[in-house]
Amino acid sequence: MSAWIAAHFWWIDVAIAAGILAAVAAFVAARRMSFLTARLFALGCAVGLMWEIPLSALDGLGVARIFQFLSPPPYPFPVIIVSHTLWDGGLFLAGVALVRALGPGPVFASFSARDLTVLLSWGQLQELGIELLATGTAGWTYVPAAWNPPLFAFRGHSITLVPQLMWFAGVLIFYPAALRLRARSAPGATSGAGAGFTA
């Protein structure tokens, strides 16, 4: 099974990204996902772009060696950026679902240290899991550098610090923005189309 995943890694990667987008669109169309939740997905994608584009540009332009592909992607690099941005949005949305499952009441109605801790913990765990999966099959690995020190070795490659820091910072951007989105979409809010929808 692992050999099959390795042989088809990049197509599985982009298929899951397309599936995330299709699922969000289908749930919204069927009114099984609130407008607020859909906006949280878009917010997660926007936060993901904050690292997907700069890192890809630095690597692609030869400014710094960021990634090492363990098998050559069968499509252009912009496809990877779009695919991984959709992954980021889906992963943030999974974090929202985890917050909702573990706590009472509507999510993001007000600041909650518990909710923020759940999001931060989820961000670190899923990022580590994805790096291990990508490195352990035939995806990519981050190249160790002075600004991106290795944390530990895995299957002959390094799991590095910067991806973990990116997700830590990403959650710190996502959470207050999610609180603002929630406030604007609350009943009685004056900020337009989001009003009346719940998380």
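Preceding this paragraph is the structure being described.
Reference entry: report on the structure contained in this document. (Residues numbered from 1 in each chain as written. Predicted model: local features only at pLDDT ≥ 70, side-chain atom pairs only at ≥ 80, totals over all residues. Heavy atoms only, no water.)

With that out of the way, let us pick up unusual backbone geometry. Of note, the phi angle at R31 is positive, near 60°, even though the residue is not glycine. With respect to the helices, strands and loops of the structure, R31 is situated in the loop between α2 (9–29) and α3 (35–60). Given a relative accessible area of 77%, R31 falls into the exposed group. The phi angle at F108 is positive, at roughly 65°, despite the residue not being glycine. (Helix = DSSP H or I, 4+ residues; strand = E, 2+ residues; numbered from the N terminus. Buried < 20%, exposed > 50% of the residue type's maximum accessible area, 1.4 Å probe, protein only.)

Here the focus is the packing of helix α4 (residues 77–102) against helix α5 (residues 113–136). Taken N-terminus to C-terminus, the directions of α4 and α5 make an angle of 135°; their axes are 9 Å apart at the nearest point. In terms of axis orientation, α4 runs oblique to α5. In terms of crossing hand, the pair formed by α4 and α5 is right-handed. Packed against α4, whose contacting residues are W87, L91, A94, G95, V96, L98, V99 and L102, the element α5 presents R114, D115, V118, L119, W122, Q126 and I130 at the interface. Partitioned by chemical class, the residues of the contact of α4 with α5 number 11 nonpolar, 2 polar and 2 charged. (Axes fitted to C-alpha atoms, helices over the stretch in contact; angles between N-to-C directions. Parallel < 35°, antiparallel > 145°, perpendicular 65-115°, else oblique. Left-handed = near helix turned anticlockwise from the far one by under 90°. Contact = heavy atoms within 4.5 Å. Nonpolar A, V, L, I, M, F, W, Y, C, P; charged D, E, K, R; others polar.)

Considering all chains together, one arrives at 14 aromatic pairs under this definition. On the basis of an interplanar angle of 80° and a centroid distance of 5.4 Å, the ring pair of W10 and F69 is categorised as edge-to-face. Within this pair, whereas W10 is found in helix α2, its partner F69 is found in strand β1 (residues 67–69), the two being separated by 59 residues in sequence. Among the aromatic residues, ring-to-ring pairing joins F9, W10, F67, F69, F77, W140 and Y142 into one connected group. (Phe/Tyr/Trp six-rings, centres within 6.5 Å; stacked < 30°, edge-to-face > 60°.)

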